[in-house]
Amino acid sequence: MSQNLTIEEQFQIEHFINQICHCHEISPELIVKIQSLMSKYMHRNRNDEFVFYHQYILTSIENSLNSVYQNARNMSDGDILVFYAKHWHNYRIMCDKLHIVCLSLNLQKIKINLSTMKGKYIERISSLSERLWEKILIKPLFSRVTQSCLNLINHHRNTQSFVDPKIIKDILDIYLDENFFKLIQQDRNNRNITDSYIDCFEKQYLQQAQEFYSHRKNHLGTNETIEYLISILNYLCNELNFAKCYLPKDKSTLKDLNDTLEDLFFSGNIFHNIWNDLELLIENQNHCQIANFYKSIIQVPRIKTIVVELIEREFYQKGLKAFKLIHRNAMDDPKLYLDTMIDIRMKLSKFVEDDINFQLGLQTILDTVCSRLMRTNVLNPIDKCKSKLGEIIAIISIFRTIKKVNLKEKFEQIMIFTDYIDDKNLFGILYEKRLMKRLVEHLSISIDLELFLITNLLGICKDKMITKFRRMCQDITCSQRLRNYHQGNYPIYENFSITILNSLIWPILSMNEIILPNELNSSYDHFQKCYKNYTKFQRLILLPQYSYGELEVCFKSLKYIFEVSLYQMIVLLLFNQTSILTIEQIQNQTNIRNDILQEVIASLLKHNLIICDQRNNLNDMNYSIRLINDFKSSTMNVKLKVPLELTEVKKNDEQKYGIKLLIIQIMKERKSLLTKLLIGEVMEKINQSNEISIQKCINQLIEQDYLKKDFNQQSDLLHYLP
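Just so it is clear, the structure is predicted and the values come from calculations on it, not from any experiment.

Cut-offs used in this document
Residues numbered from 1 in each chain as written. Predicted model: local features only at pLDDT ≥ 70, side-chain atom pairs only at ≥ 80, totals over all residues. Heavy atoms only, no water. Helix = DSSP H or I, 4+ residues; strand = E, 2+ residues; numbered from the N terminus. Buried < 20%, exposed > 50% of the residue type's maximum accessible area, 1.4 Å probe, protein only. Lys, Arg positive; Asp, Glu negative; His and termini not counted. Salt bridge = Lys/Arg side-chain N within 4 Å of Asp/Glu carboxyl O. Contact = heavy atoms within 4.5 Å. pLDDT = per-residue confidence, 0-100. Pairing = 2+ DSSP bridges. Axes fitted to C-alpha atoms, helices over the stretch in contact; angles between N-to-C directions. Phe/Tyr/Trp six-rings, centres within 6.5 Å; stacked < 30°, edge-to-face > 60°. Lys NZ or Arg CZ within 6 Å of the ring centre and 35° of its normal.

Participant: Can you walk me through unusual backbone geometry in this structure?
Facilitator: Negative phi values dominate among residues other than glycine, just as trans dominates among peptide bonds. The backbone phi angle of Cys23 is positive, close to 60°, even though this residue is not glycine. Following the sequence through the fold, Cys23 ends up in the loop between helix H1 (7-21) and helix H2 (28-40). The exposure class of Cys23 is buried, given its relative accessible area of 7%. Its identity is not glycine, yet Asn608 carries a phi of approximately 60°, on the positive side. One can find Asn608 in the loop between helix H27 (594-606) and strand E4 (610-612).

Participant: Looking at this structure, how should I read the side chain of Lys660?
Facilitator: Note that Lys660 resides in helix H28 (residues 648-670). Within the buried core, Lys660 has no salt-bridge partner, and the shortest N-O distance to an opposite charge, that of Glu432, equals 4.5 Å. Other than its neighbours up to four places away in sequence, Lys660 contacts Ile429, Glu432, Cys697, Gln700, Leu701 and Gln704.

Participant: Honestly, the confidence of the model for the protein chain in this entry has me stumped. Any pointers?
Facilitator: The predicted structure's coordinates, where accompanied by low pLDDT, should not be read in detail. For the protein chain, per-residue confidence averages 76 on the pLDDT scale, and residues scoring 70 or more make up 72% of the total. Mean pLDDT in the protein chain bottoms out at helix H18 (residues 379-383), which sits at 42, and peaks at helix H8 (residues 165-175), which reaches 91. Across residues 117-122 the pLDDT falls below 50, and counting only partners more than four positions away or on other chains, this stretch makes five contacts in the model. Confidence drops under a pLDDT of 50 for residues 377-394, and excluding neighbours within four residues, the segment shows 44 contacts in the predicted structure.

Participant: What's the story with the sheet that holds strand E3 (residues 580-582) in this structure? I'm lost.
Facilitator: By way of backbone hydrogen bonds, the strands of a sheet pair with one another, either parallel or antiparallel. Here we have three strands laid out as an open sheet, ordered E3-E5-E4, and antiparallel in their pairing. Of all strands in the sheet, those bounded by a partner on one side alone are E3 and E4. Strand-to-strand, the axes of this sheet are offset by a mean angle of 25°, without reference to chain direction. As defined by bridge partners, E4 adjoins strand E5 (residues 624-627) across three bridges and the pair is classed as antiparallel. Within E5, the position partnered with Ile610 by the bridge is Leu627. Taken strand by strand, helix H26 (residues 583-590) contacts E3 and E5, and its axis lies near 85° from that of E3.

Participant: Where do I start with the packing of aromatic side chains in this structure?
Facilitator: Within a pair of aromatic rings, the relevant descriptors are the distance that separates the centres and the angle that separates the planes. Here the structure, examined in full by the defined rule, presents 18 aromatic pairs. A centroid spacing of 6.0 Å and a plane angle of 45° characterise the contact between Tyr91 and Trp133, whose relative ring orientation is tilted. Here Trp133 lies in helix H6 (residues 125-138) and Tyr91 lies in helix H4 (residues 77-101), a separation of 42 residues in the sequence. Of the residues examined, Trp133 reaches a relative accessible area of 1% and is grouped as buried. An aromatic cluster of at least three residues, connected via ring pairs, comprises Trp88, Tyr91, Trp133, Phe142, Tyr175 and Phe180. One Lys or Arg, Arg92, reaches over the ring of Trp88 and ends 5.1 Å from the middle of that ring.

Participant: I would appreciate a short explanation of the pattern of salt bridges in the present structure.
Facilitator: Any two side chains of opposite charge can pair, given that their charged atoms come close. Inspection of every chain in the model, using the stated rule, returns 12 salt bridges. Close ionic contact of Lys251 with Asp195 constitutes a salt bridge, the shortest N to O distance being 3.7 Å. Here the residue Lys251 occupies a position in the loop between helix H11 (225-246) and helix H12 (253-265), and Asp195 occupies one in the loop between helix H9 (178-184) and helix H10 (196-217), the gap between them amounting to 56 residues. By relative accessible area, which is 21% here, Asp195 ends up partly exposed. With a closest N to O distance of 2.8 Å, Glu450 and Arg438 form a salt bridge. Taken together, the residues span a long stretch of sequence, with Glu450 in helix H22 (residues 447-455) and Arg438 in helix H21 (residues 424-440) at a distance of 12 residues. With respect to class, Glu450 is no different from Arg438; both count as buried.

This is the structure we're talking about:
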């Protein structure tokens, strides 16, 4: 020992090296302290001192690593795996820290070598210590570590006690490391290794698994098929589930293990026994035992196909019998097919939930069966019904039945059938129509629900239609915010609200401009000014056909609340000024179109609010209309609002949708057709002479990606887009 080092200094250096060799956390303060200590004795260029310190460091490292190795040999299987992974991942880092501490020693070595060993390689202490680490720990413990992995796996097979798969996985990841393979192959005993993972672990692993389960199989009886399958399932589940946690995903070991065990357990007459037993259960309709069969083979692909085939056949036959019972009635009522399908699926789903559980994958079997039933026993008969759109109309009508109660369950039933819609383009157009009605007439439960439904229509409707549906809902949401803003800032108008619809999104025709009475006009003008300040957009166009409100009306001492359309409100408010008006005066003061005005007057006559000279003939503009003075009703709230179906606008909208549906039907059948021929065929089928309205519908369908023009050949040629 050099006289320059005190006992305390020697202890500090050896303690530091021991910490390094145990891969302990080294604080920066300790590194600086030992580095300062080493530098203290390296200020001279004496060769003998350098040799001493250099050899002293290496000897200390070697002694410490040998001590670590002896301790590792006595570790348990689990502890040595943790130990080995820790040293493999950290020993180079530890050597680098040692290099930092011995930096002054390395510099001294460089000076000496430059003067005495010119041109020769100068090796760092970190490199020397790495080789010591590999020689003393990494290589010698390699075989022991492999055996410890196999021991832990066998221990789990025998006892089913907990073994942390991560410690095994960490070792196998090391075996896959190319640097580890090169290191192991340096030894003469390992020269024949071509793959450290396969040669050192996988082969032994598969062999041990086969030996272990061969012994287990000899203790199983094959007379009771279900009991035998359940026992096998337990073995396979335990082995494969545990193996998935540690075997590398990019290796075929898991598949090889599965094949090895299946070859072992399913040899001989076992397939024949399974088939015979399952056929007998199906014949006796023993669903509980069928479920047990399925559970026992869920992870055995070789026989799973057989069982799935027989279960599907059983469920399909049940569906056939149910459809045969309602076949004739369903020809007149296509919705009956859908109700029957819901009933079939609910029964099968209950069977799955109670006896097999969705997690086992039987849901896929149900979907396959239902798809087959729908396509072979629902859609084809419906095509023969009076309405070729029966299937779609029936499906859409279900949306009207959605209530807050059992909402999720009802929605799931609906979405089942969207997968079987034959013509999804027609569905998109009809859904747009229904959505517009729900939003405009405030029939929707909530906008969030509508958006939820729309999101689930992805893949059914075209992307442009989905975007359009969302924009329609967005208009309603924005209108609500605008109403809150207007009513919050101007409380005097809290009973006045407007819904804003984007004219580029909504398929609504604007009407001729009507004249609002003073009672409404001031509120409407104020809202328009507020709207311009809020949005900076253009002026609003009133849609009176969709507007409504409440009127507080007094007849003698009785007060009533009338729920009226805007047209009815305008007409009734005129009688605040006079009790008698001619039809011509009403039209001049309101600018309501004559056909709509006749419907409004007819509705007021029906409720005995007005009296007309000629009740059955409203075409004469000179006929007088008088407000009655003794109106009576059993309720204080009287609903007078004319349903949208009664207006001429509604007829125009229905006609537009009908034209679109007919165009899609024709183009779906023809695939390609000249525009003129298409217009002619539509005009012939609907007795429509308005060629312009048909052309507008064609243009809209082109914009919505239902049709496209052929720009390569003829601009007048149209193609159907499925």
